[in-house]
Each structure stands twice: as structure tokens, then as C-alpha cells.
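Per-entry structural report
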Amino acid sequence: MSQDSDASPVERILDAAGRVIVAQGVVKARVGHIADEAGLGRATLYRYFGTREDVFVAYAEREMDRFLAELLVVAGRKRSVRARVIEAVAFAVEGIATRPPMAAFFAPDALAIAALIPARSTRLLPHALEALRALLTPADGCAGLAEDTNVAALGEWLVRMVLSLAMLPYPPRQGAPLRAFIGALLPAEGLFAASAPAHD
């Protein structure tokens, strides 16, 4: 058991959930394991979360907020909207693969549980859309999206691209090859304003 006695019970539970998910996988992670890892009784855990799935939803919301903040910093270093989008998708795919708590939700046996989280969360979609709007805001002097771009459809397509690349990571791609692959699927013409620079 590893815990920070100064953390709130909710934070202790979510921290513990991350450790249990990494050690045992999503499917085998149980409320009792999480409570034990947090150094709390089950009754205390149930005071804050009604079910194991509620713990997973809260954990996913917290981790996604942290992840999106980091993604926006990294992708925001790119000037053109197209370069930002490519970097954001690549960063998300690489982040899922290299962060064990995130990767655990993409294991084949965990997908049924992972699929429940977006439907039960009230925060994931709004926060993802807020991040997308930030990505699509052009930097000074740079063109953005073409005027007739359907932003909602683009957002859904980008999420589906991330999920597909995360769930089906073969052939393995990372770094420049991953970004080149994503860029090939995001044409510079049509989707992005014609005057947008080719590079960041």
C-alpha cells in the first residue's frame, strides 16, 4: 500500500485505483483491492463512490483532464492548426501506449468496461470539445480551418482515429512515422484553409 496521508479520501481512492489497475488490470480490479490500496475501509470508499465503475469514471475524468492539459501545451507549440492537430493525435496515441494506467483500459478484455465510461461521464465530452476548440484556434498570422469544415464531425473523426490507433497498434508507429501517417490522412487542402503554412 502506498498513500499520501495529506490527500483527500477521493484523491487517495483515485490514486489507489490507478495503482490497482496497473497491477491487476481493469477487469480484475475490485473495490476491495482499491480500498485496501488506499488504506481505507470499503464503507469509506462507498461513501464517495457507489460502484467500481463510478471509481473508473472519476479516475478517467481526472486523468483525462491532466492529459489534455499536457497535450494542449505540447500541441500548442505548433503554429499551424494542421500541425497542432497532427501533434495532438500523435501525442494521444503515444500517451495511451506509454502510460500503463491508460493502456490498461485499451487491453482487449477491458474494452467493454472502457466503453461504459464516456456514456456515464458528464465531463469527458465537454472537456474534450473544449480542448479541440483550443487546438483549432489559429495562432496569430496563421490560417485555420476551411470555412465549410464541420468541426463536430472533425472532432468525432479525430477521436475515432486516436481510439483506432490505440486499440490496433500494429504495425507499430511512433515519432516521425506516426506523425507522417496521421498527416497523410489530414490533407492540407480542403480541410484546412489554403493559406495555412505547410509546416509549423
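Along each chain, residues carry numbers from 1 onward, in the same order as the chain's sequence is written. The predicted nature of this model means local features are confined to residues of pLDDT at least 70 and side-chain atom pairs, given and counted, to a pLDDT of 80 or more, with totals for whole chains, interfaces and linings taken over all residues. Water and hydrogen atoms play no part in the side-chain values, which are based on all heavy atoms of the structure.

1. Observations concerning the environment of Y48
Put simply, DSSP H or I for four residues or longer makes a helix, DSSP E for two residues or longer makes a strand, and each gets a number counted from the N terminus. Relative to the assigned elements, Y48 resides in helix α3 (residues 42-48). Here the term buried applies to any residue with accessible area under 20% of the maximum for its type, exposed to any over 50%, and partly exposed to those in between, with areas from a 1.4 Å probe on protein chains only. Judged by relative accessible area, which is 38%, Y48 ranks as partly exposed. For the pair Y48 and A134, spaced 86 residues apart in sequence, the C-alpha to C-alpha distance is 33 Å. We call two residues contacting when some pair of their heavy atoms lies within 4.5 Å. When near neighbours in sequence (up to four residues on either side) are disregarded, Y48 contacts P9, V10 and I13.

2. Remarks on the packing of helix α1 (residues 9-24) against helix α4 (residues 52-75)
Geometry of a packed helix pair, given as the angle between the helix axes and the separation of the axes. Here the axes come from fitting lines to C-alpha atoms, over the contacting stretch only for helices, and the angles between their N-to-C directions go from 0 to 180 degrees. As a packed pair, α1 and α4 sit with axes 10 Å apart at the nearest point and diverge in direction by 90°. One element, α1, and the other, α4, form an angle in the roughly perpendicular class. Residues E11, I13, L14, D15, A17, G18 and I21 of α1 form the contact with α4, whose own contacting residues are V55, F56, A58, Y59, R62 and R66. In these notes the angle categories are as follows: under 35 degrees is roughly parallel, over 145 is roughly antiparallel, 65 to 115 is roughly perpendicular, and the rest is oblique.

3. Comments concerning the layout of surface pockets
Only protein atoms enter the 1 Å grid used here, on which a cavity is any set of points holding a 1.4 Å probe that cannot leave and a pocket is any open set flanked by protein within 12 Å on both sides along at least five of seven lines; residues with an atom within 4 Å of a point are listed as lining. Grid points are joined across faces, edges and corners, and a volume is the space filled by probe spheres set on the points. Empty space within the largest pocket amounts to approximately 1,300 Å³. Residue lining of the largest pocket: 37 residues in total, with M64, F106, V159, V162 and L163 positioned closest to the centre. Those elements that provide at least two residues to the lining of the largest pocket are α4, α5 (81-98), α6 (100-104), α7 (111-120), α8 (124-135) and α9 (151-167). Of the residues forming the lining of the largest pocket, the biggest block, nine residues, is contributed by α9. Under the convention adopted here, Pro, Cys and the residues Ala, Val, Leu, Ile, Met, Phe, Trp and Tyr are nonpolar, Asp, Glu, Lys and Arg are charged, and Gly plus all remaining residues are polar. Across the lining of the largest pocket, the residue classes tally to 33 nonpolar, one polar and three charged.

4. Quick word on α7
Restricting attention to buried positions, one finds in α7 the residues I113, A114 and I117. Mapping the buried residues of α7 onto a view down its axis gives an arc of 100°, with all of them on the same face. Exposed residues on α7 whose side chains face more than 90 degrees from its buried face are A112, A115, P118 and A119. Buried residues belonging to α7 abut α4 and α8. It is the directions from the helix axis to the C-beta atoms whose arc is reported.

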